[in-house]
Amino acid sequence: MSARYEVKLRPLRAADLPRVVRLEQELFGSSAWTYGMLAEELGALGRWYVAAEPVRLYAAGPQELIGYAGLWFDGDVTQIMTIGVDPQYQHLGIGSVLLTALIDRSRQVGASAVLLEVRVDNDAALAMYGKFGFEQLGIRKRYYQPEDVDAYTMRLELTDDAPAAETRDAAVPDEPGVA
Ligand SMILES: CC(C)(COP(=O)(O)OP(=O)(O)OC[C@H]1O[C@@H](n2cnc3c(N)ncnc32)[C@H](O)[C@@H]1OP(=O)(O)O)[C@@H](O)C(=O)NCCC(=O)NCCS
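So, here's what we can say about the structure. Fair warning: this is a prediction, and the values are worked out from it, not measured in the lab.

Taken together, 22 residues lie around the ligand, and H91, G95, S96, N122 and K131 are the ones closest in. Between the ligand and V85 there is a distance of 2.8 Å, counted from an oxygen atom to a backbone nitrogen or oxygen. Contact with the protein chains removes 78% of the 910 Å² of surface that the ligand exposes when unbound. Those elements giving two or more residues to the shell around the ligand turn out to be α1 (17-28), β4 (78-85), α3 (94-108), β5 (113-119) and α4 (123-131). Per-element accounting of the shell around the ligand gives the leading share, six residues, to α4. Residues that form the shell around the ligand fall into these classes: 12 nonpolar, seven polar and three charged.

What follows is the structure in structure tokens.
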């Protein structure tokens, strides 16, 4: 899976959190995770977080991240904890690259399925998850607070015979989410 805007993936690091906090606020408004919540997530057991950076040929030094995503593996299934792309770079394939990496990681750790919650009015995310084969399981009433919006729960079965996701250009070093 390659983005129409070229990115490289790497583990999300503690040093990225101020940028992620800004993106969270832009993307999720009043439901945004705080710095403290993100820091706790990065350090928590079974978490795997990844950052997407632009690939710019003539740029020196590290690039500002434009997308991020993470999951939690509980020993049975993985749960997508978050996924977000800078609004200026949305609908260029970056979300799909991140989601592919999460699904690949889920297969690597031996998860039987990938689960997630998504706002019932989040058309872009719902379309993306549908394209990846996620199926709607149920609905969690008033899951998102303070907005008071319902969530769909969705599930992607990871069967042994399912084709491996194409993430050759999105490979992430196999290290924990915190550097
Ligand atoms: C959801 C999100 C991560 C998708 O990232 P993205 O980089 O824009 O996604 P992609 O470009 O890979 O698009 C994948 C598919 O998603 C759907 N999609 C993406 N943007 C869309 C939009 N603005 N309107 C409708 N569908 C859209 C399309 O089906 C698209 O496939 P296509 O390119 O063949 O049309 C991004 O919109 C985002 O950060 N949203 C805010 C945060 C959020 O809602 N996260 C999900 C929480 S559950």
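The structure having been displayed, the exposition proceeds.
Below, the discussion takes up the packing of aromatic side chains. Throughout the structure, instances matching the rule amount to three aromatic pairs. Taking 5.0 Å as the distance between ring centres and 85° as the angle between the ring planes, the aromatic pair formed by Y143 and Y144 counts as edge-to-face. Residue class for Y143 comes out partly exposed when judged on its relative accessible area of 38%. Assessed through its relative accessible area of 17%, Y144 is described here as buried.

This next bit is on α3. Side chains three or four residues apart in an α-helix point the same way, a direct result of the helix having 3.6 residues per turn. For α3, built from 15 residues, the straight-helix expectation of 21 Å at 1.5 Å per residue is met to within 8% by its first-to-last C-alpha distance of 21 Å. With 13 of 15 residues buried, α3 lies mostly within the body of the structure.

Counted by the stated rule, this structure contains 13 salt bridges. One salt bridge in this structure joins K141 and D150, with 3.2 Å as the shortest N-O distance. Look at D150 and you get buried, because its relative accessible area is 17%. One salt-bridge network, in which partners are shared between bridges, spans K8, R10, D16 and E53.

Attention now moves to unusual backbone geometry. Across the junction of Q145 and P146, the peptide omega takes the value 10°, indicating a cis bond. Tracing the chain through its elements places P146 in the loop between β6 (135-144) and β7 (149-157). One non-glycine residue, D148, lies in the positive phi region at around 65°. Its location among the elements puts D148 in the loop between β6 and β7.

With that settled, consider the environment of L38. Mapped onto the secondary structure, L38 falls in helix α2 (residues 35-43). Separated by 17 residues in the primary sequence, L38 and V21 place their C-alpha atoms 8.0 Å from one another. For L38, the residues in contact, after removing those within four places along its chain, are L17, V20, V21, E24 and W33.

Take the sheet that holds β7 next. Spatially, β1-β2-β3-β4-β5-β7-β6 is the arrangement adopted by the seven strands of the open sheet, whose pairing is mixed. One side of each edge strand has no neighbouring strand; the edge strands of this open sheet are β1 (7-11) and β6. Here the strands of the sheet are splayed against their neighbours by 25° on average, with no regard to which way each runs. With six bridges connecting them, strand β2 (residues 47-54) and strand β3 (residues 67-73) associate as antiparallel partners. Pairing of W48 across the sheet is with L71, part of β3. The strands touched by α4 are β4, β5 and β7; relative to β5, the strand with the most contacts, the crossing angle is about 160°.

Rules used throughout
- Residues numbered from 1 in each chain as written.
- Predicted model: local features only at pLDDT ≥ 70, side-chain atom pairs only at ≥ 80, totals over all residues.
- Heavy atoms only, no water.
- Near = heavy atom within 4 Å.
- Polar contact = N/O pair within 3.5 Å; in protein donor to acceptor, adjacent residues only side chain to side chain.
- Areas by Shrake-Rupley, 256 points an atom, 1.4 Å probe, with all protein chains shown as cover.
- Helix = DSSP H or I, 4+ residues; strand = E, 2+ residues; numbered from the N terminus.
- Nonpolar A, V, L, I, M, F, W, Y, C, P; charged D, E, K, R; others polar.
- Phe/Tyr/Trp six-rings, centres within 6.5 Å; stacked < 30°, edge-to-face > 60°.
- Buried < 20%, exposed > 50% of the residue type's maximum accessible area, 1.4 Å probe, protein only.
- Expected span 1.5 Å × (residues − 1).
- Salt bridge = Lys/Arg side-chain N within 4 Å of Asp/Glu carboxyl O.
- Contact = heavy atoms within 4.5 Å.
- Pairing = 2+ DSSP bridges.
- Axes fitted to C-alpha atoms, helices over the stretch in contact; angles between N-to-C directions.

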